[in-house]
Amino acid sequence: MFLSPEKAEEFQRSMVKRGDLVFTCWGTIKLWTELVARLVTAAPQIKPQKPWPQHWLNNAIGRAGFNLNPTASYRDDRLGVEVYINHAESKKMYQTLLAQRTSIEQALGFDLDWQELPDAHACRIATWRQDSPIEDEAQWGAYLDWFVQRIVKMNAVFRPVIQALA
């Protein structure tokens with residue numbers, strides 16, 4: 001049975017409770033689609049990939065093994081923007097960036113959460129927006145504004161630093 005987008009959304013809202021997989025997939029695709037539309041007009045230099053039903057949206061930052069990803073956690077009611085490092089030399093690249101922490105955070109104007117993730121190959125450098133439940137669509141305007149502001153700022157600061165890594 002095929003449902004129009006309107007009927008699918010009506011069905012989804014009638015069937016889904018907080019944390020349900022269907023809502024999670026539907027909600028993130030919808031959130032990411034709206035974010036991509038905002039970025040097209042507000043920051044055309046940012047080129048995110050096609051939205052998928054996952055808690056992050058892939059966005060290149062000018063070097064293989066590095067992404068600048070917005071994230072949305074239903075479990076923690078938290079939004080984030082992260083530099084995700086999944087490079088052949090992730091730990092070395094992370095340490096090189098960590099050595100520049102003070103200048104990076106000064107240029108950004110906000111602190112970052114530096115996560116080496118010792119039990120993983122990848123590393124993460126993130127900024128968070130707490131108390132941001134994704135299912136509260138009345139707040140999406142503020143969420144999208146926050147995402148755009150953080151993505152644009154982090155792209156401007158991190159892109160040249162990452163591209164200069166040896």
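The rules behind these values
- Residues numbered from 1 in each chain as written.
- Predicted model: local features only at pLDDT ≥ 70, side-chain atom pairs only at ≥ 80, totals over all residues.
- Heavy atoms only, no water.
- Helix = DSSP H or I, 4+ residues; strand = E, 2+ residues; numbered from the N terminus.
- Buried < 20%, exposed > 50% of the residue type's maximum accessible area, 1.4 Å probe, protein only.
- Contact = heavy atoms within 4.5 Å.
- Pairing = 2+ DSSP bridges.
- Axes fitted to C-alpha atoms, helices over the stretch in contact; angles between N-to-C directions.
- Salt bridge = Lys/Arg side-chain N within 4 Å of Asp/Glu carboxyl O.
- Phe/Tyr/Trp six-rings, centres within 6.5 Å; stacked < 30°, edge-to-face > 60°.
- Lys NZ or Arg CZ within 6 Å of the ring centre and 35° of its normal.
- Core = buried A, V, L, I, M, F, W, Y, C linked by side-chain atoms within 4.5 Å.

1. Looking at the overall build of the chain
And then number 1: Secondary structure assignment for the chain yields 5 helices and 4 strands.
And then number 2: Within the chain, the fraction of its 166 residues that count as buried is 40%.
And then number 3: The long-range fraction of contacts in the chain, counting pairs at least 24 apart against all pairs at least 6 apart in sequence, stands at 57%.

2. A short note on the sheet that holds strand β2 (residues 78-85)
And then number 1: Taken together, 4 strands build an open sheet; the order of strands is β1-β2-β4-β3 and the sheet is antiparallel. Looking at the sheet topology across the chains shown, the edges are occupied by β1 (66-73) and β3 (113-115). Each strand axis lies, on average, 25° off the axis of its neighbour in the sheet, ignoring direction.
And then number 2: Across 7 bridges, the pairing between β2 and strand β4 (residues 123-129) is antiparallel.

3. Remarks on the side chain of Q115
And then number 1: Checked against the element boundaries, Q115 lands in strand β3.
And then number 2: Ignoring anything within four residues of it in the chain, the contact list for Q115 reads Y94, C123, R124 and W128.

4. Focus: the environment of H55
And then number 1: Tracing the chain through its elements places H55 in the loop between α2 (21-42) and β1.
And then number 2: Given a relative accessible area of 45%, H55 falls into the partly exposed group.
And then number 3: The contact partners of H55, leaving out residues within four places of it in the chain, are W32, P70, T71 and A72.

5. Some details on the pattern of salt bridges
It is possible for side chains of opposite charge to pair when their charged atoms get near one another.
And then number 1: Tallying each qualifying case throughout the model produces 6 salt bridges.
And then number 2: Between D145 and R38 there is a salt bridge; the shortest N-O distance is 2.4 Å. Here D145, found in helix α5 (residues 140-163), pairs with R38, found in helix α2; they are 107 residues apart in sequence, far enough to count as distant.
And then number 3: Here D145 falls in the partly exposed class, since its relative accessible area comes to 46%.
And then number 4: Two residues, E105 and R101, come together in a salt bridge whose shortest N-O distance is 3.2 Å. Of this pair, E105 and R101 are both found in helix α4 (residues 101-108), 4 residues apart, which corresponds to roughly one turn of the helix.
And then number 5: Its relative accessible area of 12% is what places E105 among the buried residues.

6. A word on the packing of aromatic side chains
And then number 1: Inspection of every chain in the model, using the stated rule, returns 3 aromatic pairs.
And then number 2: Here the aromatic rings of Y94 and W114 are separated by 6.2 Å at their centres, their planes lie at 65°, and the arrangement is edge-to-face. One end of the pair, Y94, is in helix α3 (residues 90-98); the other, W114, is in strand β3, with 20 residues separating them in the sequence.
And then number 3: Members of the aromatic cluster, each reached through a chain of ring pairs, are W32, W146 and F147.
And then number 4: A cation over an aromatic ring shows up here: K50 above the ring of W52, its NZ or CZ 5.1 Å from the ring centre.
And then number 5: Across from the ring centre of W128, 3.7 Å away, lies the NZ or CZ of R78, which sits over that ring.

7. Topic: the nonpolar core
And then number 1: Core analysis: the biggest nonpolar cluster contains 41 residues, and L97 and F158 have the highest contact counts within it.
And then number 2: Breaking this core down by element, the ones donating at least two residues are α2, β1, β2, α3, α4, β4 and α5.
And then number 3: Filtering out sequence-adjacent residues up to four positions away, F158 remains in contact with I61, V83, I104, L108, L112 and I125.

8. A few points about the environment of D136
And then number 1: The topology assignment puts D136 in the loop between β4 and α5.
And then number 2: C-alpha of D136 to C-alpha of D77: the two residues are 59 residues apart in sequence and 10.0 Å apart in space.

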